[in-house]
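Residues per chain, in single letters:
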Amino acid sequence: MITMEKLVSFCKEKGFIFAGSEIYGGLANAWDYGPIGVELKNNIKKMWWKKFVQESENSHGVDAAILMNPKVWEASGHLASFTDPLMDCKECKARFRADNLIKEFSKGQANTDLMTNEEMSNYVKENNIPCPLCKKHNFTPIRQFNLMFETTRGVVKESQNTIYLRPETAQGEYVNFLNVQRSLRLKLPFGIGQIGKAFRNEITPGNFTFRTIEFEQMEHQWFCKPGEDEKYYALYKQKAYDFYKALGFNDEHLKFHDHDKLAHYAKAACDVCYLFPFGFDEINGIHNRTNFDLTRHESYSGKSMEYIDPISNEKFIPYVIEASFGADRVALAALIEAYDTETLEDGTVREVMRFTPELAPFKVAVFPLIKKTHGEKADQVYSMLSKEVRTFYDETASIGKRYRRQDSIGTPFCVTIDDETLTNGTVTVRERDSMKQEIVKLDNLVAYVSSKIKI
Ligand code: GAP
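The text that follows walks through the structure, step by step, so that each part is easy to find.

The rules behind each value
Residues numbered from 1 in each chain as written. Predicted model: local features only at pLDDT ≥ 70, side-chain atom pairs only at ≥ 80, totals over all residues. Heavy atoms only, no water. Core = buried A, V, L, I, M, F, W, Y, C linked by side-chain atoms within 4.5 Å. Buried < 20%, exposed > 50% of the residue type's maximum accessible area, 1.4 Å probe, protein only. Helix = DSSP H or I, 4+ residues; strand = E, 2+ residues; numbered from the N terminus. Contact = heavy atoms within 4.5 Å. Near = heavy atom within 4 Å. Polar contact = N/O pair within 3.5 Å; in protein donor to acceptor, adjacent residues only side chain to side chain. Areas by Shrake-Rupley, 256 points an atom, 1.4 Å probe, with all protein chains shown as cover. Nonpolar A, V, L, I, M, F, W, Y, C, P; charged D, E, K, R; others polar. Pairing = 2+ DSSP bridges. Axes fitted to C-alpha atoms, helices over the stretch in contact; angles between N-to-C directions. Salt bridge = Lys/Arg side-chain N within 4 Å of Asp/Glu carboxyl O.

**Things to note about the nonpolar core**
Then, number 1: Membership of the largest hydrophobic core comes to 57 residues, with the highest contact counts inside it found for Phe16, Phe243, Tyr244, Phe325, Leu335 and Phe355.
Then, number 2: Breaking this core down by element, the ones donating at least two residues are α1 (4-14), α2 (35-54), β10 (214-224), α9 (229-246), β12 (268-276), β13 (279-288), β16 (319-326) and α11 (327-338).
Then, number 3: The element contributing the most residues to this core is α11, with 9 residues.
Then, number 4: Ignoring anything within four residues of it in the chain, the contact list for Phe243 reads Ile44, Met47, Trp48, Lys51, Phe52, Phe325 and Val330.

**Things to note about the site of the ligand**
Then, number 1: With respect to spatial proximity, 19 residues lie near the ligand, and among them Glu168, Arg200, Glu219, Glu282 and Glu322 are the closest.
Then, number 2: Within the side chain of Glu322, a nitrogen or oxygen atom sits 2.8 Å from a nitrogen atom of the ligand.
Then, number 3: In the environment of the ligand, an oxygen atom lies 3.0 Å from a nitrogen or oxygen atom belonging to the backbone of Gly326.
Then, number 4: Burial of the ligand by the protein chains amounts to 91% of its free accessible area of 550 Å².
Then, number 5: For the shell around the ligand, the elements supplying multiple residues, two or more each, are β10, β13 and β16.
Then, number 6: Class assignment of the residues belonging to the shell around the ligand gives a composition of 4 nonpolar, 7 polar and 8 charged.

**Some words on the sheet that holds strand β23 (residues 437-441)**
Then, number 1: Read across the sheet, 5 strands follow the order β20-β19-β21-β22-β23 without closing on themselves; strand pairing throughout is mixed. The open sheet has two edge strands, β20 (391-393) and β23, and neither has a second partner. Pairwise comparison of adjacent strand axes, ignoring direction, gives a mean angle of 25° for this sheet.
Then, number 2: By the bridge criterion, 3 bridges tie strand β19 (residues 364-368) to β20 in an arrangement that is parallel. Along β20, the bridge assignment pairs Val364 with Thr391.

**Description of the sheet that holds strand β9 (residues 190-199)**
Hydrogen bonds along the backbone pair up the strands of a sheet, which may run parallel or antiparallel.
Then, number 1: Across the sheet, which stays open at both edges, the 7 strands sit in the order β3-β9-β10-β16-β13-β12-β11 with mixed pairing between neighbours. Every interior strand has two partners, whereas the edge strands, β3 (59-61) and β11 (254-258), have only one. In this sheet, adjacent strand axes meet at a mean angle of 25° when their direction is disregarded.
Then, number 2: By the bridge criterion, 9 bridges tie β12 to β13 in an arrangement that is antiparallel. Note on β13: the bridge partner recorded for Val272 is Asn284.

**Some thoughts on the pattern of salt bridges**
Then, number 1: Tallying each qualifying case throughout the model produces 31 salt bridges.
Then, number 2: The closest approach of N and O atoms between Asp407 and Arg430, which form a salt bridge, is 2.7 Å. Within this pair, whereas Asp407 is found in helix α13 (residues 399-409), its partner Arg430 is found in strand β22 (residues 426-431), the two being separated by 23 residues in sequence. We note that Asp407, like Arg430, is buried.
Then, number 3: Overlapping salt bridges bring together Asp340, Glu342, Arg350, Arg354, Arg404, Asp407, Arg430, Arg432 and Asp433 as one network.

See the structure below:
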């Protein structure tokens, strides 16, 4: 498996992901997607939307504002308890999450989910856990640190009010529950999906894009009748698993982790974990949130969140099953899953991203064999293909080098325009994994590519 260090440099070199504001020395835990990475992430979001909104029965989308009335965060509990247990090294002043220090020290054996702050403090002392930076043993007591980013609004300084960058997209779905239900006259059960940015003031190092301060969530809330929640919780666990199978992930790289410690409102919760180079870790969560969120919004807003059953006239606040994915974590897992190296017959090694055709950032690349002779025709082929699929154009270096470049960003097909194209109207199509070449009539090229990648 590729190491994280190698992945970071590979992603920069190939145009997947760059360090955020790099020319100014970067910003810790912030990354920018480059021209290849943005296509990959867009494909992940498209596939998620298709599965969780388009193909899900009775499901619809919203795109709620990032900035919300601060009362939302009082109601959701984020203001009071969206915190991490932090401790500072008194010697070198570095700051750490106590739970992460313990997990790393115990190689995942100690279950911090079940520990209080005092128990974590004692564990650090009893096991003489050193500061990972200066190796000394002199930590402050644990303090709870709120992860929400604050900003202010107001024209006049004195009248400024604190508002927050949303730490999750879910609340935009909860506060719009009745708007969506009434505007579309929906009956339970139904779903609301949303993809959007979320922000968390994460302190600890992030393992590349695994833990960042700004990230994208893909969240789906399924509103149902109490009593039907357990059935749907199981269904959404399966749906999440099926999503990763559609992305081409290997079964052995995925596992469920059922939570030992549940939030007071939750009836059940689990993570789907992916085998990253640093071990299995969460890529998404499935939660049975009961009627906690809607009940809290009812009491904080004073607006009824009750649903009236049109047949029985029964009134109740629905239960919610939440499927919450991080688009960046899924993209990171997809990069790790796809990366492969292969020794060729001539002894050289090629790097291949074995993305499924749907995930591949570019579906096809067009090369003129000789720029001067075949460039004009190649432009026409590019223009024809790019109306159908994301197409790359490359006229630099040898054909062999151009193949290698496309292999390394995962392009399934390369099309070469040569003398035969000018005289017979045929092109050479080379497939990424088998490296086999086929002669295809130009007139059939769009149909050929489409059939292979199922667009
Ligand atoms: N609404 C529920 C919720 O936000 P969460 O487990 O805190 O639950 C859901 O977050 C998903 O969002 C995670 O499984 C992960 O994929 C992603 N995520 C959370 N924090 C992140 C961070 N700092 N950087 C990147 N992705 C993050």
